[in-house]
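# Commentary on secondary and tertiary structure
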Amino acid sequence: MSLIKTLEFNVLGDDRGSLISLEQNKNIPFDIKRIYYIFDTQQDVSRGFHAHRNLQQVAVCVKGSCRFTLDDGQTRESILMDSPNVGLYIDNHKWREMHDFSEDCVLIVLASDYYEEADYIRDYDEFLKEVVKNA
Ligand code: TYD
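Residues numbered from 1 in each chain as written. Predicted model: local features only at pLDDT ≥ 70, side-chain atom pairs only at ≥ 80, totals over all residues. Heavy atoms only, no water.

A few words on the overall build of the protein chain. Per the secondary structure count, the protein chain includes 1 helix and 12 strands. In the protein chain, the succession of helices and strands from N to C terminus is β-β-β-β-β-β-β-β-β-β-β-β-α. Here the C-alpha radius of gyration of the protein chain, 15 Å, is about what a compact globule of 135 residues would show, namely 14 Å. Counting only residues that meet the buried cut, the protein chain has 39% of its 135 residues in that class. Put simply, 75% of the contacts in the protein chain that link residues at least 6 apart link residues at least 24 apart. Accessible surface computed for the protein chain: about 8,200 Å², of which carbon and sulfur atoms make up 47%. Computed over 15 positive and 24 negative side-chain charges, the inter-centroid distance for the protein chain is 4 Å. (Helix = DSSP H or I, 4+ residues; strand = E, 2+ residues; numbered from the N terminus. Rg over C-alpha atoms; globule rule 2.2 N^0.38 Å. Buried < 20%, exposed > 50% of the residue type's maximum accessible area, 1.4 Å probe, protein only. Contact = heavy atoms within 4.5 Å. Areas by Shrake-Rupley, 256 points an atom, 1.4 Å probe, with all protein chains shown as cover. Lys, Arg positive; Asp, Glu negative; His and termini not counted. Charge placed at Lys NZ, Arg CZ, Asp CG, Glu CD.)

In structure tokens form, the structure reads like this:
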């Protein structure tokens, strides 16, 4: 089974332009407690390099592009995010890295819980240990 799980959102377009609506437990598969966005990322900067113990997220690149790499401790897969109607679903215990941000990239992330530093696994070896424990 692929690590990359995408959600395709309906584009509500008319002659004025496009609109996408994201709703908790409808096209987003969890209660949305937090939204954050990443923008103005400097050239050649990569971000992420962590996993979460108990957090679901959906990332949407609403402008520009970036590349996500997901890793479950056994395999790594990448996806180019360059479409505002595609969400990347990221579950617990998935190591994520974001690379190749375009200058204009705006990445919106919807999260199932509030920010909690204790929920982060920022060390890759610790991540591998926890994945084995949770298997
Ligand atoms: P960080 O999680 O390191 O960014 P990324 O992994 O996406 O590269 O977050 C950067 C900083 O912002 C860090 O000090 C934690 C803080 N932060 C919050 O305060 N609230 C949040 O919702 C997020 C995502 C980060």
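Turning our attention to the UniProt feature "domain: Sugar 3,4-ketoisomerase QdtA cupin" (unreviewed entry) in the protein chain. Cross-referencing UniProt, the feature "domain: Sugar 3,4-ketoisomerase QdtA cupin" (unreviewed entry) maps to residues 5–130 in the present numbering. In this annotation, residues 5–130 is assigned 6% helix and 46% strand; the end-to-end C-alpha distance for the span is 22 Å. (UniProt positions renumbered as here; feature names shortened; annotations may be inferred.)

Here the focus is unusual backbone geometry. Within the chain, Phe49 stands out as a residue other than glycine whose phi angle is a positive 60 degrees. As for its placement among the helices and strands, Phe49 is situated in strand E5 (residues 47–52). For Asp100, which is not a glycine, the phi torsion comes out positive at approximately 55 degrees. The residue Asp100 is located in the loop between strand E10 (95–99) and strand E11 (106–111) in this model.

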